[in-house]
Number of protein chains: 2
Amino acid sequence: MSKFTRFVVDDIRFPTSTDFDGSDAMNPDPDYSAAYVRIETDAEDGLTGHGFVFTIGRGNDVQCAAIAALQPWIVGRDVEEALADLGGVWRELVHDSQLRWLGPDKGVIHMAIGAVVNALWDLRAKREGVPLWLLLARLSPEQLVDLVDFRYLSDALTREQALDILRAAEPHREERIAALQRDGYPGYTTTPGWLGYSDEKLARLSREAVADGFTQIKLKVGADLQEDIRRLSIAREVVGPDIRIAIDANQRWDRDEAIAWIRELSRFDLAWVEEPTSPDDILAHAAIAEAIAPVPVATGEHGMNRVLFKQLLQAKALGVLQIDATRVAGVNENIAILLLAAKFGVPVCPHAGGVGLCELVQHLAMFDGIAVSGTTDGRMIEYVAHLHEHFAEPVEFVDAHYRAPKLPGSGAEMLAASIAEYRR
Amino acid sequence: MSKFTRFVVDDIRFPTSTDFDGSDAMNPDPDYSAAYVRIETDAEDGLTGHGFVFTIGRGNDVQCAAIAALQPWIVGRDVEEALADLGGVWRELVHDSQLRWLGPDKGVIHMAIGAVVNALWDLRAKREGVPLWLLLARLSPEQLVDLVDFRYLSDALTREQALDILRAAEPHREERIAALQRDGYPGYTTTPGWLGYSDEKLARLSREAVADGFTQIKLKVGADLQEDIRRLSIAREVVGPDIRIAIDANQRWDRDEAIAWIRELSRFDLAWVEEPTSPDDILAHAAIAEAIAPVPVATGEHGMNRVLFKQLLQAKALGVLQIDATRVAGVNENIAILLLAAKFGVPVCPHAGGVGLCELVQHLAMFDGIAVSGTTDGRMIEYVAHLHEHFAEPVEFVDAHYRAPKLPGSGAEMLAASIAEYRR
């Protein structure tokens with residue numbers, strides 16, 4: 001029997017704006033940051049649960065305050081009991097009637113809950129001595145659906161339907177685990193495509209991406225149509241016809257502008273068009289998806305919660321669903337979203353990059369491939385070669401594939417030296 | 001020339017949970033609270049701008065932290081310049097690329113921006129010596145559209161279309177101002193309908209409502225169908241057939257459950273059904289609205305931003321639009337929402353109650369009636385007789401009508417003694 005004793009919350013900021021890493025049409029000068037929490041217990045194992053919310057700078061302090069405000073829900077509780085019922089803990093936090101007013105189910109308070117939930121998953125995986133993806137991949141269908149809250153989802157996905165999906169993927173889990181450990185999980189790269197880069201840098205990084213074995217790259221677009229045409233011409237020429245090129249507008253357009261703009265770019269044989277407009281605009285995404293078919297619409301990194309994803313799927317508004325590890329209320333809500341995607345037959349290609357998003361989200365994609373969708377066909381995790389050196393188990397990325405993490409935990413653990421150096 | 005000098009932020013909590021005021025199917029024990037800001041300047045007039053976010057207790061500290069974090073955007077700026085361009089200030093805050101990551105346009109950070117924007121409007125109205133409703137009602141159509149950001153709205157409402165709406169309502173503004181000052185603005189009451197009240201209290205308060213001149217009351221529902229039937233029977237019997245009865249489920253149901261439940265209650269001749277399901281679920285609201293017609297669906301108090309309201313209108317998901325004074329990014333965003341409602345011909349019946357929501361939102365409804373929709377037909381502001389005594393100009397409510405506020409400002413100013421007594 002042990003108890004949670006305290007949260008240690010740190011406001012961590014990397015000064016990435018100085019070299020334009022991560023610049024796009026909506027985010028000209030991000031300082032990649034993390035509102036970072038370590039949850040301590042009085043257990044003799046000395047293990048701590050780590051979680052965080054990725055932000056891009058200003059406001060990271062607000063996100064830290066929100067995480068710290070959740071201490072009373074966790075500190076003092078029995079550790080074993082909480083970790084054995086993370087579905088229950090999730091419901092308690094998300095449905096707290098007073099906290100809920102601050103969302104509901106969205107924004108700062110929801111992401112804060114996500115950091116705490118993810119930290120508890122990190123601790124549970126460490127205690128069980130396995131990486132999170134493997135822990136999830138070996139839970140039973142019943143255990144998995146107990147983690148999910150089906151409120152507001154039942155018109156698209158019931159508990160019974162979720163069980164059917166998970167049971168259908170159950171028979172060959174162990175083979176898929178072995179295949180993953182052997183082959184890794186496919187990735188694509190955004191490294192060449194930031195808006196702030198010169199043409200020369202774009203061409204060089206695109207060429208390197210192909211040499212590195214990538215089958216898909218992604219370019220940021222949306223600031224200037226003629227620039228986009230020029231940059232896509234360069235990229236397409238460098239990579240040749242067989243490499244997929246996705247584009248990402250980072251919410252830059254209104255509906256009709258998006259349709260017109262994308263039509264100008266579709267001659268470059270686009271793998272997908274990401275975030276064409278407001279992430280909240282289901283109806284506009286549906287109209288864009290219809291207008292630009294067969295080019296698929298991709299969105300999700302700003303997708304606030306499971307109710308939004310449900311509607312995007314119901315409205316046929318996306319062809320690629322991009323989960324994010326720290327935007328929603330943690331592992332549990334992402335399991336709900338993976339189940340919704342499987343129900344609608346839409347591939348999940350997670351958003352990553354930022355601070356530690358690759359480290360975290362790979363666990364969810366790998367779990368999806370083993371136990372939910374049961375496939376990696378048409379699936380890829382975004383890969384950005386930034387800031388991995390600050391993590392206890394940095395992403396291992398070989399031949400354009402994520403290697404399956406081996407260390408116990410969720411991947412969230414940042415090096416103490418990095419925390420000390422970059423915290424405010 | 002004067003400068004903004006500082007924010008004073010207070011975490012104000014009223015212990016309302018002790019007597020069940022405000023209890024409903026989702027919020028059993030709210031402690032009505034306000035994350036309250038006063039913005040000071042170095043001007044000799046000594047005027048301060050007041051604004052706040054209403055919350056229901058836990059998490060009010062997080063909301064305060066978010067408001068305080070916005071100081072660097074305001075403090076040090078030229079007061080006259082900022083107040084003359086509140087559209088520009090709004091864009092700067094809402095579109096700040098780093099802050100935006102915490103929403104975008106939703107939740108704690110968005111509501112914090114709303115409090116600051118509203119405080120600036122309060123200061124501007126005080127400096128001009130007029131109540132906010134009158135200040136807004138006398139701005140030109142061009143000045144009004146300059147306050148609105150049309151990004152993500154253009155598929156439903158362009159600047160030109162907004163100008164047309166405002167110009168159409170321009171000719172008889174002064175007559176409507178005079179009529180408002182004479183007659184007030186209609187209200188309806190939620191006072192009888194809280195779930196925690198006994199049958200006797202429900203009957204007595206319903207009877208009193210009719211005696212007080214109300215033409216509509218509202219009952220909370222959604223916890224138990226048989227209870228709802230019993231309570232609606234009591235209310236309908238007490239008020240008779242001519243008084244409108246609206247019901248409010250506070251997001252309690254999933255889509256199909258909502259439809260089935262409402263069909264059981266529709267025999268009571270319902271004025272509207274409020275918040276049947278998740279406030280984010282446009283598609284479910286549309287399905288419910290179609291299924292329960294001609295009973296209209298009402299929603300909005302948890303409506304996170306203009307993009308959500310746009311879609312609810314596009315999808316014919318609501319028949320009554322309920323703005324809230326502190327849920328979105330302040331007066332400017334509510335002007336956008338009023339314009340959208342006018343474009344789609346949907347009446348706006350604001351959410352109120354809470355702490356100071358009546359005091360604030362009446363200004364927006366009165367402005368709507370004078371200068372946007374140009375009518376009060378089918379419009380009513382919610383009225384709850386709670387906590388008004390803490391405000392510098394408490395709502396004056398006579399014969400079931402809100403009297404037009406007379407004091408300069410937005411209505412947000414709380415008495416210093418109340419702040420001192422209830423702040424943490």
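None of these values were measured; they are calculated from a predicted model. (Residues numbered from 1 in each chain as written. Chains lettered and ligands numbered in written order. Predicted model: local features only at pLDDT ≥ 70, side-chain atom pairs only at ≥ 80, totals over all residues. Heavy atoms only, no water.)

## Describing the domain arrangement of chain A
All names here are of chain A. Under the domain assignment, chain A is made up of domain 1 (4-130) and domain 2 (173-422). Centre-to-centre separation of domain 1 and domain 2, based on C-alpha positions: 22 Å. Listed as interface residues are 46 residues of domain 1 and, on the opposing side, 43 residues of domain 2. Summed over both sides, the interface of domain 1 with domain 2 buries roughly 3,500 Å², with 64% coming from carbon and sulfur. If you sort the residues of domain 1 by the area they bury against domain 2, Phe 14, Ala 25 and Phe 52 come out on top, with a joint share of 18%. Across the domain 1-domain 2 interface, the total number found is two salt bridges. At the boundary of domain 1 and domain 2, one finds 15 residue pairs in polar contact (both at pLDDT 80 or more). The set of elements that each furnish at least two residues to the side of domain 1 that touches domain 2 consists of β1 (4-13), β2 (33-41), β3 (49-55), α4 (86-94) and α6 (107-128). For the side of domain 1 that touches domain 2, the element with the most residues is α6, which contributes 10 residues. Classifying every residue of the side of domain 1 that touches domain 2 by side-chain character gives 22 nonpolar, 13 polar and 11 charged. (Domains from an automatic or database assignment. Contact = heavy atoms within 4.5 Å. Buried area = accessible area lost by both parts, 1.4 Å probe. Salt bridge = Lys/Arg side-chain N within 4 Å of Asp/Glu carboxyl O. Polar contact = N/O pair within 3.5 Å; in protein donor to acceptor, adjacent residues only side chain to side chain. Helix = DSSP H or I, 4+ residues; strand = E, 2+ residues; numbered from the N terminus. Nonpolar A, V, L, I, M, F, W, Y, C, P; charged D, E, K, R; others polar.)

## Brief notes about the sheet that holds strand β2 (residues 33-41) of chain B
Hydrogen bonds between backbone atoms are what pair the strands of a sheet, whose relative direction is either parallel or antiparallel. All names here are of chain B. The strand order across the open sheet formed by three strands is β1-β2-β3, and the pairing between neighbours is antiparallel. If you trace the sheet from one side to the other, it starts and ends with β1 (4-13) and β3 (49-55), each paired once. The mean inter-strand angle of the sheet, taken between neighbouring strand axes irrespective of direction, is 15°. Examined bridge by bridge, β2 and β3 share seven bridges and lie antiparallel to one another. Its bridge partner being in β3, Ala 35 is matched across the sheet by Val 53. Against the sheet, helix α1 (residues 60-68) engages β1, β2 and β3, with an angle of about 175° to β1. (Pairing = 2+ DSSP bridges. Axes fitted to C-alpha atoms, helices over the stretch in contact; angles between N-to-C directions.)

## Some remarks on helix α15 (residues 306-314) of chain A
All names here are of chain A. Taking burial as the measure, the nine residues of α15 include eight buried ones, the bulk of the element. Regarding α15, the residues found buried are Arg 306, Val 307, Leu 308, Phe 309, Lys 310, Gln 311, Leu 312 and Leu 313. For α15, the N-terminal cap is Asn 305; the gap from its side-chain oxygen to the backbone nitrogen of Val 307 is 3.0 Å. Within two residues after α15, Lys 316 carries a phi angle of roughly 55°, on the positive side. (Buried < 20%, exposed > 50% of the residue type's maximum accessible area, 1.4 Å probe, protein only.)

## Description of the UniProt feature "domain: Mandelate racemase/muconate lactonizing enzyme C-terminal" (unreviewed entry) in chain A
Mapped onto this numbering, the UniProt entry annotates "domain: Mandelate racemase/muconate lactonizing enzyme C-terminal" (unreviewed entry) at residues 199-295 of chain A. Overall, residues 199-295 of chain A shows 52% helix and 15% strand. The separation of its end C-alpha atoms is 25 Å. (UniProt positions renumbered as here; feature names shortened; annotations may be inferred.)

## Section: the pairing of strand β4 (residues 185-193) of chain A
All names here are of chain A. Most of β4 sits out of view: nine of its nine residues are buried. Sheet analysis places β4 next to strand β12 (residues 401-402), joined by two bridges and oriented antiparallel. Its bridge partner being in β12, Tyr 185 is matched across the sheet by Tyr 402. Strand direction decides the pairing type here: β4 and strand β10 (residues 381-383), joined by three bridges, are parallel. Along β10, the bridge assignment pairs Gly 187 with Ile 381.

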